[in-house]
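Residue-level listing of the chains:
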Amino acid sequence: MATIGFTLTFWAWDLIAPIASWYGDRLELSSFEQSLLVAVPVLVGSLGRIPAGALTDRYGAKLMFPLVSALTIVPVLLLIVVKDSYGLMLAVGFLLGLGGTTFAIGIPLVNSWFPPAKRGLALGVFGMGMGGVALSGYFTPRIAKHGENLPFIVVAIALAVYAVLAAFLITDRPDRPVPTASLGTRLRSAARLRVTWELSALYAIGFGGIVAFGVYLPTYLKTWYELDPTDAGTKAAGFALVTVVFRPIGGWLSDRIHPALVTAVALGVVALLAIVQAFDPPLYPGGTTALLIMAAGLGTASGSVFALVSQVTPQAKVGSVTGIVGAMGGLGGFLPPLVMGAIYSAKGSYSIGFMLLSDLALAGCVYAYGRMRGIRPTEETPSPAPTDLTSSRP
């Protein structure tokens, strides 16, 4: 249920990006204005994860998941009303960011139900919900061909059905620790952990790269390789699908190898292929191969970073830490579309943007290998005492 909810709300969160070029033509937007339109929901959804995670620690996912899913219906339907005004589109895009906060709701829910040795894979499976971006990239432009308002109606109905089902089917772990401190106190406590910010930086590169490609790849393919919007959306969906498949692989590998090592290798691969793409290879086969391997590396890194979060974070603080780390990951996806749009407007090329991605990925690779390998679960918090839900041993 958590994965399904994450998928649907991520689809809603990414509704604008696959048809951004349509809005660009309709409203006569510049490349930067179009980039800002797709980036605003990313920004709000990212920052919103901080209170969403802390509230989930306090009130549980059984309340938060259906509530946030239901509230997301409002901006989805408002997109129908404001489609002819750029200013109002930005305002509704701000509200649409609510759909991106469910990541910080699902992580503490899933984390609480699995023993430490299995959390990497479990969180990776939950992370497959980011496939909502792939669903949006593939289906949104195709559904729009049958009616420009139809994608928003379909997603709104799906969210309504899910909100009802989630209210009945999601169950918080009965013995989960419920913090009694205020929201501000808990966020300050999570922010004082050094590992929170180290993981935030790594996640900003890994997941931020996924989000950035998810929202900007259709525009990049349409602008640089001159694909039509539907074809560009389809290929962007393929990129997102690869990230979805490799996220649980990253978690699974992290259950067997130190997640910092998995992260370092994955980001090293991304750095290398970003350099390849910076030289503007033909789409077939060079560009397609480079983009898909980068997708695999980013997906793997996203899974391994959160496997590390689950290992070194006290159970009662998982939501708060997840909120901060998830927010930084989303913010990592906010800036690249703006940077890519600005660079293309100024230079008529995307090469500088890909070289910047390579530099960031290489920095993350070096830091993960050099510093994060030394972190062990016992350094941040003792392993939780076995219970009947986490161990069969007496």
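None of the values given here were measured: they were computed from a predicted structure.

Parameters at a glance
Residues numbered from 1 in each chain as written. Predicted model: local features only at pLDDT ≥ 70, side-chain atom pairs only at ≥ 80, totals over all residues. Heavy atoms only, no water. Helix = DSSP H or I, 4+ residues; strand = E, 2+ residues; numbered from the N terminus. Contact = heavy atoms within 4.5 Å. Core = buried A, V, L, I, M, F, W, Y, C linked by side-chain atoms within 4.5 Å. Buried < 20%, exposed > 50% of the residue type's maximum accessible area, 1.4 Å probe, protein only. pLDDT = per-residue confidence, 0-100. Expected span 1.5 Å × (residues − 1). Phe/Tyr/Trp six-rings, centres within 6.5 Å; stacked < 30°, edge-to-face > 60°.

Re the environment of Leu 90
Phase 1: Tracing the chain through its elements places Leu 90 in helix H6 (residues 86-96).
Phase 2: Sequence separation between Leu 90 and Leu 227 is 137 residues, and the spatial gap between their C-alpha atoms is 26 Å.
Phase 3: If we skip the residues at most four places from it in the chain, Leu 90 touches Leu 36, Leu 37 and Val 40.

What about the nonpolar core?
Phase 1: Val 76, Phe 213, Leu 221, Met 294 and Phe 354 are the most contacted members of the largest nonpolar core, which has 109 residues in total.
Phase 2: Top contributing element to this core by residue count: helix H12 (residues 194-224), with 13 residues.
Phase 3: Setting aside chain neighbours within four positions, we find Val 76 in contact with Ala 12, Leu 15, Leu 96, Phe 152, Val 155, Ala 156 and Leu 159.

Side note on unusual backbone geometry
Phase 1: Residues Tyr 284 and Pro 285 are joined by a peptide bond in cis, for which omega reads -5 degrees.
Phase 2: Residue position: Pro 285 is located in helix H15 (residues 283-312).
Phase 3: The phi torsion at Glu 226 lies on the positive side, around 55 degrees, for a residue other than glycine.
Phase 4: With respect to the helices, strands and loops of the structure, Glu 226 is situated in the loop between H12 and helix H13 (229-254).
Phase 5: Judged by its relative accessible area of 68%, Glu 226 is exposed.
Phase 6: At Asp 280, a position not held by glycine, the phi torsion is positive, near 50 degrees.
Phase 7: Overall, the relative accessible area of 26% leaves Asp 280 in the partly exposed class.

Some words on the confidence of the model for the protein chain
Phase 1: For the protein chain, the mean per-residue pLDDT works out to 83, and 93% of the residues sit at or above 70.
Phase 2: Mean pLDDT per element in the protein chain: helix H18 (residues 377-380) is the minimum at 41, and helix H10 (residues 150-169) is the maximum at 95.
Phase 3: Note on residues 377-394: pLDDT under 50 across the span, and 21 contacts to partners over four residues away in sequence or across chains.

Overview of helix H8 (residues 116-127)
Phase 1: The terminal C-alpha atoms of H8 lie 17 Å apart, and with 12 residues this matches the ideal 16 Å at 1.5 Å per residue to within 8%.
Phase 2: Every buried residue of H8 is accounted for by Arg 119, Gly 120, Ala 122, Leu 123, Gly 124, Phe 126 and Gly 127.

Focus: the packing of aromatic side chains
Phase 1: A full pass over the atoms with the stated rule returns 17 aromatic pairs.
Phase 2: Taking the centre distance of 5.4 Å and the plane angle of 65 degrees together, the rings of Tyr 220 and Phe 354 count as edge-to-face. With a gap of 134 residues between them, Tyr 220 in helix H12 and Phe 354 in helix H17 (residues 351-370) connect regions that are remote in the sequence. Taken individually, Tyr 220 and Phe 354 each receive the classification buried, so the pair is uniform in this respect.
Phase 3: A ring pair is formed by Trp 224 and Tyr 350, whose centres lie 6.1 Å apart and whose planes are at 80 degrees; its orientation type is edge-to-face. Remark: Tyr 350 occurs in the loop between helix H16 (318-347) and H17 and Trp 224 occurs in helix H12; sequence separation between them is 126 residues.
Phase 4: What makes Tyr 350 buried here is its relative accessible area of 1%.

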